[in-house]
Each structure stands twice: as structure tokens, then as C-alpha cells.
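Take a look at the letters that make up each chain.
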Amino acid sequence: DGGITQSPKYLFRKEGQNVTLSCEQNLNHDAMYWYRQDPGQGLRLIYYSQIVNDFQKGDIAEGYSVSREKKESFPLTVTSAQKNPTAFYLCASSIPGQKQFFGPGTRLTVL
Amino acid sequence: GIQVEQSPPDLILQEGANSTLRCNFSDSVNNLQWFHQNPWGQLINLFYIPSGTKQNGRLSATTVATERYSLLYISSSQTTDSGVYFCAVGPGTSYDKVIFGPGTSLSVIP
């Protein structure tokens, strides 16, 4: 099956911890994206990558970090510097400038 | 940067009714997408429609790029159409990101 997988589905973090959210795609897409969604709100872009070993900050990159060592994978680390990380995190991929496909999301809660 | 607006913000329909959702954007775009987010959070790409009209079953979309708007039509609505509808624009000539609108929340009641 072609698609995008995100893990875990639910994640709980203690204050001061870094956590890493996984995003994997087998669609052979060059571009990958991370979005944050707060309850009742739209999607805000955290980071995006158009090609392996390159990525750019989105609108709310502070407190987050990413890597793009493989075409298939674009993990997102939520660091302790992110003061309000409780949210729904969505990963997407696309051929650059074309239709985006989304994973099922990860719900992160800070305890 | 480019601004994306959607209207109405909320919509309640009786099952079987038709509706039109609107997306306005402030700059020229090379592409535009419509998404449906179901109550479990999954985003489904409905249309990739930088210009013109497309139809998929009970849904159709029209983008008039020169006038900077797009419309999503839902006919004979069903309860499974409930959720949030987002339009997203970009990348464009003056920006390299995909920008999402705030969404229209649709509730279809039996």
C-alpha cells in the first residue's frame, strides 16, 4: 500500500523532555511537510523539505527541529524549548508544487 | 505574505441540501487544493485545482485564478460530509510554501 505513516498515534510528554515524531512515506515524493493543528484551528506550517538533506523553517519553527537524511523519512523533534507543545501534528508529502497527501497524525499531550 | 480566507466559517445543513464553500486568496497562485478533515483528524485531498472546474461524484470545484477565488460545491449532502473543509494555496511566484485557510466547519444533520 502506498501512503504516509506517522507514529505514534498518541504521545505523552513530561515537561522538559524532547520527543520525536516519526513520518515515513513510500510515495517517492521529494517534498515533505510538518504542520501543527490546535483544537478548532487551521494548520500551521512548522518545517518543510523539498529535497533530501535540505529543509526550511515554516511559520512556527521555534522549539522544533527536523532532519531529512532519507527521501522516505522526515522526523520531527519537539524540544523542551517549545513551551506549549500539546497539539495535533500532521505530516504530508507531495511532488513539489503538486497535490499533497497527509498522514493520520500524532496527538501530543504534555503532562 | 499571501492571505487565504474561507467563508462561511461554520455551516449547518439538512441532509440532502446543497452548499457552496468559498476560498479567497490575496496573491496569484500556481496551485490550489481542497481538503476534507474528518472528525478523527484525517485530511483527505479532494481536489488539486489551480484553475478551471473539476467534478468528483457529488463534489465539484471551480477556481478562477484571475479573480483570486475558488468554490467548492457539495450537492445532496450526507452526514459523512461533516467535518472541516480547508483550501490551501501555493507555492506561488512570490512564495514557496503551501498556505492553508482557516477552514469551514460543516455539520450535516439527518
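Residues numbered from 1 in each chain as written. Chains lettered and ligands numbered in written order. Predicted model: local features only at pLDDT ≥ 70, side-chain atom pairs only at ≥ 80, totals over all residues. Heavy atoms only, no water.

With respect to the packing of aromatic side chains
To describe a pair of aromatic rings, one takes the distance between the centres and the angle between the planes.
Right, so step 1: Inspection of the entire model under this criterion finds 9 aromatic pairs over all chains.
Right, so step 2: Relative to Phe100 of chain B, the ring of Tyr35 of chain A has its centre 5.1 Å away and its plane inclined at 75 degrees; by these criteria the two rings are edge-to-face. Taken together, the residues Tyr35 of chain A in strand S4 (residues 31–37) and Phe100 of chain B in strand S10 (residues 99–100) connect one chain to another. Taken as a pair, Tyr35 of chain A and Phe100 of chain B share a single burial class, namely buried.
Right, so step 3: Lying across the ring of Phe74 of chain A, Arg68 of chain A places its NZ or CZ 5.9 Å from the centre. (Phe/Tyr/Trp six-rings, centres within 6.5 Å; stacked < 30°, edge-to-face > 60°. Helix = DSSP H or I, 4+ residues; strand = E, 2+ residues; numbered from the N terminus. Buried < 20%, exposed > 50% of the residue type's maximum accessible area, 1.4 Å probe, protein only. Lys NZ or Arg CZ within 6 Å of the ring centre and 35° of its normal.)

Comments concerning a nonpolar patch on the surface
Right, so step 1: Residues Tyr10, Phe12 and Leu111 of chain A make up a contiguous nonpolar surface patch of roughly 380 Å² in combined accessible area.
Right, so step 2: Relative to the assigned elements, Tyr10 of chain A resides in strand S2 (residues 10–13). (Patch = residues over 30% accessible without salt bridge, like charges linked within 9 Å, V, L, I, M, F, W, Y side chains within 5 Å. Areas by Shrake-Rupley, 256 points an atom, 1.4 Å probe, with all protein chains shown as cover. Salt bridge = Lys/Arg side-chain N within 4 Å of Asp/Glu carboxyl O.)

Concerning the interface of chain A and chain B
Right, so step 1: In this complex, chain A contributes 20 residues to the contact, which on the side of chain B involves 17 residues.
Right, so step 2: On the surface where chain A and chain B come into contact, there are 0 salt bridges.
Right, so step 3: On the surface where chain A and chain B come into contact, there are 4 residue pairs in polar contact (both at pLDDT 80 or more).
Right, so step 4: Of the residues forming the side of chain A that touches chain B, the biggest block, 4 residues, is contributed by strand S5 (residues 43–51) of chain A. (Contact = heavy atoms within 4.5 Å. Polar contact = N/O pair within 3.5 Å; in protein donor to acceptor, adjacent residues only side chain to side chain.)

Observations concerning the side chain of Asn31 of chain B
Right, so step 1: Structurally, Asn31 of chain B is set in the loop between strand S3 (19–25) and strand S4 (32–37).
Right, so step 2: Leaving out residues up to four positions away in the same chain, Asn31 of chain B has contacts with Gly97 of chain A together with Tyr48, Pro50, Ala88, Val89, Gly90 and Pro91 of chain B.

Considering the state of the cysteines
All names here are of chain B.
Right, so step 1: Taken as a whole and assessed by the stated rule, the structure comprises 2 disulfides over all chains.
Right, so step 2: Put simply, Cys23 and Cys87 are joined by a disulfide, and their sulfur atoms are 2.0 Å apart. Disulfide Cys23-Cys87: the torsion about the S-S bond is 70 degrees, which places it as right-handed. Pair noted here: Cys23 is in strand S3 and Cys87 is in strand S9 (residues 83–89), with a separation of 64 residues, a long-range link.
Right, so step 3: According to the relative accessible area criterion, Cys23 is buried, its value standing at 0%. (Disulfide = S-S within 2.5 Å.)

A word on the sheet that holds strand S7 (residues 59–64) of chain B
Residues and elements named next belong to chain B.
Right, so step 1: Here we have 5 strands laid out as an open sheet, ordered S1-S3-S8-S7-S6, and antiparallel in their pairing. The open sheet has two edge strands with one neighbour each: strand S1 (4–7) and strand S6 (52–56). Averaged over all neighbouring strand pairs, the angle between strand axes comes to 15 degrees, with direction disregarded.
Right, so step 2: Where S7 lies against strand S8 (residues 69–74), 6 bridges are found, and the strand directions are antiparallel. Bridge pairing in S8 places Val64 opposite Tyr69. (Pairing = 2+ DSSP bridges. Axes fitted to C-alpha atoms, helices over the stretch in contact; angles between N-to-C directions.)

Looking at the sheet that holds strand S3 (residues 19–25) of chain A
Residues and elements named next belong to chain A.
Right, so step 1: If you trace the 4 strands from one edge of the open sheet to the other, you get S1-S3-S8-S7, paired in antiparallel fashion. For this open sheet the edge positions go to strand S1 (4–7) and strand S7 (64–66), each flanked by a neighbour on one side alone. Each neighbouring strand pair of the sheet contributes to a mean axis angle of 20 degrees, computed without reference to strand direction.
Right, so step 2: Pairing of S1 with S3 involves 4 bridges; the strand directions are antiparallel.

Some remarks on unusual backbone geometry
Right, so step 1: Put simply, Ser7 of chain A and Pro8 of chain A share a cis peptide bond, and its omega is -10 degrees.
Right, so step 2: In this fold, Pro8 of chain A is placed in the loop between S1 and S2.
Right, so step 3: A cis amide bond links Ser7 of chain B to the next residue, Pro8 of chain B, at an omega of -10 degrees.
Right, so step 4: With respect to the helices, strands and loops of the structure, Pro8 of chain B is situated in the loop between S1 and strand S2 (10–14).
Right, so step 5: Phi angles above zero are rare outside glycine, and Asn28 of chain A is one such case at about 60 degrees.
Right, so step 6: Positive phi outside glycine occurs at Asn53 of chain A, with the angle close to 65 degrees.
Right, so step 7: With respect to the helices, strands and loops of the structure, Asn53 of chain A is situated in the loop between S5 and strand S6 (54–57).

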